[in-house]
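Read off the chains here:
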Amino acid sequence: MTARSAVEQEVRDLIQKHGRITFARFMQSCLYSPNGGFYADRRNRISAHFRTSSTSHPVFGTLIARQLEQMWHVLGTPPIFHVIEVGSGDGILAQSIVDACRRTAPQFTDALRYVATDYEPGWLQSNEHTLDWQIGATEQFAAAGPAASPRVQQVKTAGAGAFRNIIGCILSNELIDNFPVHRFAIRDGQIREIYVTLDGGKLTEVLGEPSTPRIEERLTGLGLSLPEGTQGEVNLAMEDWIVEASRALDRGFVLTVDYGQPAADLYSPQNSQGTLVCFNRHDVGADPYRDIGQQDITCHVDFTSLAHLGERHGLTAAGYTLQSRFLENLGLPSHLDALATQGLSAARTELNRIAMMTLVDPADYGDFKVLAQAKGIAPGSELLGFQDPDN
C-alpha cells in the first residue's frame, strides 16, 4: 500500500470534518497547501512536469518586452513604469524580458521597475539566473523610487493585492488556469455541484446543491444552453483576481496570457465533460485523485467571463487575440529571419527555429489567448500585439 502524502491526509481530514468538500477546496490543497502542495513544494521544479511559452524560447519574453515598451509610450513615458509579474515561478520570463529591454530599449529600461511575485518563489537560492535580483518585502517595493537599483525585485505574495498605485502593467503567463475551480453537472435540468467525499476509504465524487449562488449566477449570466449531462468548471477566483488587479492599478494594463476559450466554446458540446487536465512529469492525465500534491491540476480559462468581470471592476477591454497573432504582430517573423545571420550551426539554427515556431503552432502554444485590459487609458490607443494586419 502506497503511503499517503501529507496533502492527501489533509484532504481526508477535511472530508472527515465536513462530510464533503468542494472541488475548489480540494484543488486548493493539492496545489497550494503548505504541507506539500504542488506549487508550494519547490522540490517540484515546474520544468520537470511541463513546458511553458517562456521556457520554450527567450524570444517570447523579447516580444512581450516590446509590447511593454509600447504600453509605456501609451501612458506618456512616465519616469517609473512598474511591471508586476504574478506567478513568476523560476523567473525565466522575468529574465528574458529584462534582458531584452536592456539590449534594445535603454530609455524604457531606465523607467522599468520589474517585480516578480510568486506564491512560493523557487529561485531565491538559484545560481542559474544572472539578473541583479533585489529580494525584499512589499514595503521595500512601495518605497522604491526613481533611483532604485537594481530594478528587479522578487516578492513572495499570492497575487496583486499587495500593491497599490501602480502605473504600468500587471502581467501573468499561465496563471489563471491554476486557480481552484468549482465543478458542476447538469442533472434533471438543474445545476448541481460536484463535491469530493470518501466512500469506503476512497476519494470519490458526489452531487449536491451548489455551495454558493455565484456558480449559477456565472453560468446563467453567460446566456448559454447547457444540455443534460454536461459537466464543467467555474472559476470563481477570477473575480477576486480582477478586483485585486484593478485596485493595484492607478493607470495601465493587465496583460493575461493563458490557454482557454470564449465561453461559447468553453461550454460547447466539444467540452461537454469539462477541460480539467493533470500534468505529472510530462504525462497528461484526467484523474485529479491520484498522486495528490505531486501533479498539476489545470482548467481552461473562460475569457468571456474574465473580460466581463474586468469591465464590472473598472478595466476596459484593450485587446484579445490568439498568442500566434500577438507574437507575429510584435515581430516574431523578423526574429526567425535573423537566425540565418547569427553565425549558428545549421543544427542550432534549426533547433532555434523549431523552438520559436512552437510559440505560434496551434498544436503547441499558438492557440493560447492573450487579453489586455486597461485602466485610465485614453480611448483609441491600439496596442501593437492586437493590431489587425488587414487594416
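Here is a short report on the structure shown in this document. Everything numeric in this text was worked out from a predicted model, so none of it was measured.

## With respect to the pairing of strand 13 (residues 277-280)
Inference 1: Burial along strand 13 is one-sided: the residues Cys278 and Asn280 are buried and none of Val277 and Phe279 is.
Inference 2: As defined by bridge partners, strand 13 adjoins strand 15 (residues 296-298) across three bridges and the pair is classed as antiparallel. From the neighbouring strand, Phe279 faces strand 15, where its bridge partner is Asp296.
Inference 3: Pairing geometry for strand 13 and strand 14 (residues 283-285), over three bridges, is antiparallel.

## A short note on the packing of helix 1 (residues 6-18) against helix 2 (residues 23-32)
Inference 1: It is the contact of helix 1 with helix 2, at a shortest axis distance of 9 Å, that shows an interaxial angle of 155 degrees. Between helix 1 and helix 2, the crossing angle belongs to the class labelled roughly antiparallel. Between helix 1 and helix 2 the crossing geometry is right-handed. Seen from helix 1, the contacting residues are Val7, Glu10, Val11 and Leu14; seen from helix 2, they are Arg25, Phe26, Ser29 and Cys30.

## Topic: the pairing of strand 6 (residues 166-173)
Inference 1: Where burial is concerned, most of strand 6 is hidden: seven out of the eight residues are buried.
Inference 2: Across four bridges, strand 2 (residues 81-86) lies against strand 6 in parallel orientation. For His82, the partnering residue across the bridge sits in strand 6 and is Gly168.
Inference 3: As judged from the eight bridges shared by strand 6 and strand 11 (residues 249-258), these two strands associate in the parallel manner.

## As for the pattern of salt bridges
Inference 1: Counted according to the given criterion, the structure contains eight salt bridges.
Inference 2: The salt bridge partner of Arg214 is Glu239, with a shortest N-O separation of 3.7 Å. Within this pair, whereas Arg214 is found in helix 8 (residues 213-221), its partner Glu239 is found in helix 9 (residues 237-248), the two being separated by 25 residues in sequence.
Inference 3: The class of Glu239 is buried, set by a relative accessible area of 16%.
Inference 4: Where Arg353 meets Glu350, a salt bridge forms, and the shortest distance between an N and an O atom there is 2.8 Å. In this pair, Arg353 and Glu350 are both assigned in helix 14 (residues 346-358), three residues apart and thus about one turn of the helix distant.
Inference 5: Note on Arg353: relative accessible area 36%, which makes it partly exposed.
Inference 6: When salt bridges that share partners are traced, they join Arg214, Glu239 and Arg312 into one network.

Criteria and thresholds
Residues numbered from 1 in each chain as written. Predicted model: local features only at pLDDT ≥ 70, side-chain atom pairs only at ≥ 80, totals over all residues. Heavy atoms only, no water. Buried < 20%, exposed > 50% of the residue type's maximum accessible area, 1.4 Å probe, protein only. Helix = DSSP H or I, 4+ residues; strand = E, 2+ residues; numbered from the N terminus. Pairing = 2+ DSSP bridges. Axes fitted to C-alpha atoms, helices over the stretch in contact; angles between N-to-C directions. Parallel < 35°, antiparallel > 145°, perpendicular 65-115°, else oblique. Left-handed = near helix turned anticlockwise from the far one by under 90°. Contact = heavy atoms within 4.5 Å. Salt bridge = Lys/Arg side-chain N within 4 Å of Asp/Glu carboxyl O.

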